[in-house]
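# Working through the structure, step by step
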Amino acid sequence: MTLDLRLLSSFLAVVEEGHFGRAAARLFLSPPAVTQHVRRLESQVGARLLDRSGSPVVPTAPGVRLAGHARTLLAAANAALDDLADVTQEADSGRPLRVGIMGHGSAELTPAAINAYRRARPEVRVEIRQLDFTEHVTALVEDRVDVAFVRPSPDDERLVTDVLTTEQRIVVVHERSPLADARTSGVAVADLTELPLFSVPGHTPHSFTEYLYFDDRAQRRSSEFAVTPQEVLTGVVTGRSAGSGLRSFARYYAWPGAVFVPVLDARWESTYLAVRAGDDNPEVLIFRALAVALAKDMGPGISSRPLGSG
């Protein structure tokens, strides 16, 4: 029997996230695709690998054993790719297109753009790189990625951006927070006075902190620091901090114990595709054109989806 690394990757993501939806967001796949991968793997090994009866999803006894092997196999595969990277790049006619994604990027538009590019340019390798909240300028400026899905628009003349999606703002709070009761009615920015929004490192770009803290109108800061959505949600569900984001955040990070509340009078914010100014790499131009075209088609639907809908 040959184990498919894609199936193992999906299975291990569910084990580590304890949730099919979060695993899918982490892998930039749809939840049904991750579910299908796990079912195929269970069929291959002839055993039920996950207990889906509760929350979080937990591995069965065979699942625990397979998870250990999966980590070893995936680590070995990644090590092999890293070891061969220099040789591969020398043999390739060109460099890969490196796509940076901050958080969940531009929601459903992100995987759609990547898949459209892969169909259009199957001969070009695509590398996905996750960016934290401090990197939406530096990853491009330091040539670690070629295009980046970020928010808000970087305030840096070395970069140019295209608007992809525009959404309502939300805050995410613990289910026992006084604001949790407003999950359907919404709140105003003035209601956020006592909300302990998570802190970010001092080198975080000012444009991102203005976005995060509603132009500094939400002034209280938690002692908890976060630079990734997972760190934000960990602080929220443990009752130590709160977060802010876009409406689609609720679809991608629906953690037990976290409640998403619309902020009714906050300015709607956009997500962007950012590239280096003057970059004439034809692959960057192709990716940018595809993303912008898809945004015209998909953007309105993303903006109007009900809070938390899958």
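To keep things clear, this report deals only with the structure shown in the data block. (Residues numbered from 1 in each chain as written. Predicted model: local features only at pLDDT ≥ 70, side-chain atom pairs only at ≥ 80, totals over all residues. Heavy atoms only, no water.)

### Focus: empty space enclosed by the protein
In the structure shown here, the tally under the stated rule is three cavities of 30 Å³ or more. Here the largest cavity is characterised by a volume of approximately 90 Å³. Every residue along the wall of the largest cavity is listed here: M102, F133, R151, F198, F208, Y211, L212, P229, V232, S244, G245 and F249. Of all the elements in the fold, those that place two or more residues in the lining of the largest cavity are α7 (206-212), α8 (229-237) and β10 (243-246). The class makeup of the residues in the lining of the largest cavity is nine nonpolar, two polar and one charged. Size it by volume and the second largest cavity reaches roughly 50 Å³. Around the second largest cavity, the lining residues are R169, E210, Y211, F214, D215, R217, A266, R267 and E269. (1 Å grid on protein atoms, 1.4 Å probe; cavity = no way out; pocket = protein on both sides within 12 Å on 5 of 7 lines; lining within 4 Å. Points joined across faces, edges and corners; volume = space filled by probe spheres on them. Helix = DSSP H or I, 4+ residues; strand = E, 2+ residues; numbered from the N terminus. Nonpolar A, V, L, I, M, F, W, Y, C, P; charged D, E, K, R; others polar.)

### Observations regarding the nonpolar core
Of all hydrophobic cores here, the largest spans 71 residues; its most connected members are V99, L192 and F287. Sorting elements by how many residues they give to this core places helix α10 (residues 282-304) first, with five residues. When neighbours within four sequence positions are excluded, L192 is seen to be in contact with V171, L179, V187, F214, A218 and V263. (Core = buried A, V, L, I, M, F, W, Y, C linked by side-chain atoms within 4.5 Å. Buried < 20%, exposed > 50% of the residue type's maximum accessible area, 1.4 Å probe, protein only. Contact = heavy atoms within 4.5 Å.)

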